[in-house]
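This is what each chain is made of:
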Amino acid sequence: MNNSIITTTTAIKRHKIHHHHDHDHDDHQYLIPGLPDHIAQICLNLVNPFTLFSTCHSWRKLIHSPSFPPYLSLYALLLPPKSSTDETKHSAYFSNSVEFACFDPVSSKWQQLPPPPPDPPLRLLVKHPSFIARNLPIQLVSVSGNLILLAATGDQFSPAISRPLIFNPRARKWSYGPRLAAPRRWCAAGTLGNAVYVASGVGSHYNPEIARSVVKWDLDESNRNGVHEPRYCYCNHTCTRGIKSGWKWEEMSGLKDGKFSREAIDAIGWKGKLCMVNVKGDAAKEGIIYNVGNDTWQEMPEGMLVGWRGPAVAMAEETIYMVDESKGALRRYDEERDVWVEIVENEMLKGAEHVAAGGGRVCVVGGGGGIAVVDVVADPPRLVVVETPVGVQVLNIHILPRMSQLADFESTEQGTDTRFGDPPA
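Keep in mind that this is a model prediction, so the values were computed, not measured.

1. Digging into the pattern of salt bridges
Inspection of every chain in the model, using the stated rule, returns nine salt bridges. Two residues, Lys 271 and Glu 335, come together in a salt bridge whose shortest N-O distance is 3.0 Å. Separated by 64 residues along the polypeptide, Lys 271 in the loop between β14 (265–270) and β15 (273–277) and Glu 335 in the loop between β20 (329–334) and β21 (339–345) bring together distant segments of the chain. Taking relative accessible area as the criterion, Lys 271 reaches 40% and is therefore assigned partly exposed. For Glu 335, a relative accessible area of 41% gives the class partly exposed. Each of the salt bridges in this network shares a partner with another, and the network as a whole consists of Arg 309, Asp 324, Arg 331 and Glu 342.

2. Describing helix α3 (residues 37–44)
Taken together, the buried positions of α3 are Asp 37, His 38, Ala 40, Gln 41 and Leu 44. Take α3 and look down its axis: the buried residues cluster within an arc of 155 degrees, on one side only.

3. With respect to the sheet that holds strand β23 (residues 361–365)
The four strands lie next to each other as β22-β23-β24-β25, forming an open sheet whose pairing is antiparallel. Each edge of the sheet is formed by a strand with only one pairing partner; in this case those strands are β22 (354–358) and β25 (382–386). Sheet twist, expressed as the average angle between the axes of neighbouring strands with direction ignored, equals 20 degrees. Pairing geometry for β22 and β23, over five bridges, is antiparallel. Its bridge partner being in β23, Val 355 is matched across the sheet by Val 364.

4. With respect to the confidence of the model for the chain
On average, residues of the chain score 82 in pLDDT, and 79% of them reach the 70 mark or higher. Scored below 50 in pLDDT, residues 84–92 makes three contacts in the model with residues more than four places away or belonging to other chains. Within the model, the stretch residues 225–242 combines pLDDT values under 50 with 43 contacts to residues more than four positions away or in other chains.

5. What about the pairing of strand β1 (residues 72–79)?
Consecutive side chains along a regular strand alternate between the two faces of the sheet. When you tally the buried positions in β1, you get eight out of eight residues, the bulk of the element. Neither face of β1 is exposed, since Leu 72, Leu 74, Ala 76 and Leu 78 on one face and Ser 73, Tyr 75, Leu 77 and Leu 79 on the opposite face are all buried. As paired elements, β1 and strand β26 (residues 393–401) share eight bridges and run antiparallel to each other. Bridged to Leu 79 within β26 is Gln 393. In this sheet, strand β3 (residues 99–104) lies alongside β1 in antiparallel orientation, the contact comprising five bridges. Looking at the pairing, Leu 74 lines up with Phe 103 of β3.

6. Observations regarding the packing of aromatic side chains
Taken as a whole, this structure holds 10 aromatic pairs when the rule is applied. Arranged with centres 5.3 Å apart and planes meeting at 50 degrees, the rings of Phe 103 and Trp 110 form a pair that is tilted. On the accessibility criterion, Trp 110 (22% relative accessible area) is partly exposed. Ring centres of Phe 167 and Trp 174 lie 5.2 Å apart, and the angle between their planes is 50 degrees; this geometry places the pair in the tilted category. Across the pair, exposure class does not vary: Phe 167 and Trp 174 are buried alike. The structure contains a cluster of three or more aromatic residues connected by ring pairs, namely Trp 270, Trp 308, Tyr 333 and Trp 340.

7. Here we look at the sheet that holds β20
Within the open sheet, the four strands sit side by side as β18-β19-β20-β21. Their pairing is antiparallel. Each of the sheet's edge strands pairs with one partner strand only, and the pair in question is β18 (312–315) and β21. Between one strand axis and the next, the sheet turns through 30 degrees on average, direction left out of account. Alignment of β18 against strand β19 (residues 319–324), held across four bridges, turns out to be antiparallel. For Ala 314, the partnering residue across the bridge sits in β19 and is Ile 320.

The rules behind these values
Residues numbered from 1 in each chain as written. Predicted model: local features only at pLDDT ≥ 70, side-chain atom pairs only at ≥ 80, totals over all residues. Heavy atoms only, no water. Salt bridge = Lys/Arg side-chain N within 4 Å of Asp/Glu carboxyl O. Helix = DSSP H or I, 4+ residues; strand = E, 2+ residues; numbered from the N terminus. Buried < 20%, exposed > 50% of the residue type's maximum accessible area, 1.4 Å probe, protein only. Arc of directions from axis to C-beta. Pairing = 2+ DSSP bridges. Axes fitted to C-alpha atoms, helices over the stretch in contact; angles between N-to-C directions. pLDDT = per-residue confidence, 0-100. Contact = heavy atoms within 4.5 Å. Phe/Tyr/Trp six-rings, centres within 6.5 Å; stacked < 30°, edge-to-face > 60°.

Given below as structure tokens:
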């Protein structure tokens, strides 16, 4: 509500200035002729952004302004193609060239995010000759409208992240989270509500205590203490500026064994619980569920476990979707019957590696090129493809509010079918 008051007050001041300066008044292009801009924006805020984008330049600028309600966009971690110079280097497999980008569904444009703080440098081991057929995982989560980098592999196969890197799309800024007492990689990572959970994993070497440990970081903790937003920080790794006071990792009930340190695992937040399996794909696996309310672990229902055959995601923490990566089938979990119900099967979904969900859409990175987007609300479900930048490989995806624009949006072309979905109501 405070943001609305500020926006309206600013608009009123602008209107008064135009009223008293005839030459400014003549040059100003009103959003809706005959209406002050602050009144016009109240009306236009209710209109679908796709309609505004295709109508006129002033409305197109409006939807990318900080005062317009943010609609959902697709965020991706990208691995650019190697340059000819990189190919000749022994260190070609040691990559610090990953890029963060977002896809605006209204303009159908990809845009790079501002780079993370350079000190300490973000150096991630993505490819290595010992793992020719696969990329080493980089684990990101999205929570409270933020994109958070949690875990990755660094030099000598050590954990690359000692404290989370947080990107706030509305502020277009990076900041740091609280330092992990035991940095790790190949862990289980997930979110529920406004909290981040990290379980199991390995550090520089396997440690049974770390492999069974579970820690929680509540992003709301500092808000209860009345602490302001973190500042953009370029400090070195020993500096605590940019970290909210009150942010900390809290030890939770541990796992019974270390079997969940074999893969980089997505812990799916669903109805007050975290659901995860210890192996990807069709292989035999174990599944467990963490009840956040009473800090206890339980076995996964048999039907959920048997049918879990690929990457999964929860829509608004209410419905779990999973892609059977071998058959290319998107399925929804039916809790009452303990079965997975098929929604759609498509070649584009085969070889699925990453999924994201939001605004009634499930986005899938598979083996077919591009990002498949399934409208699970439509009847029948509709699939479109978002084309990725040429030559890049998608390493992870998430759905978050669109990134605010600091400059006027200059594109003059209307969005195409590559958009992944309308903004939420």
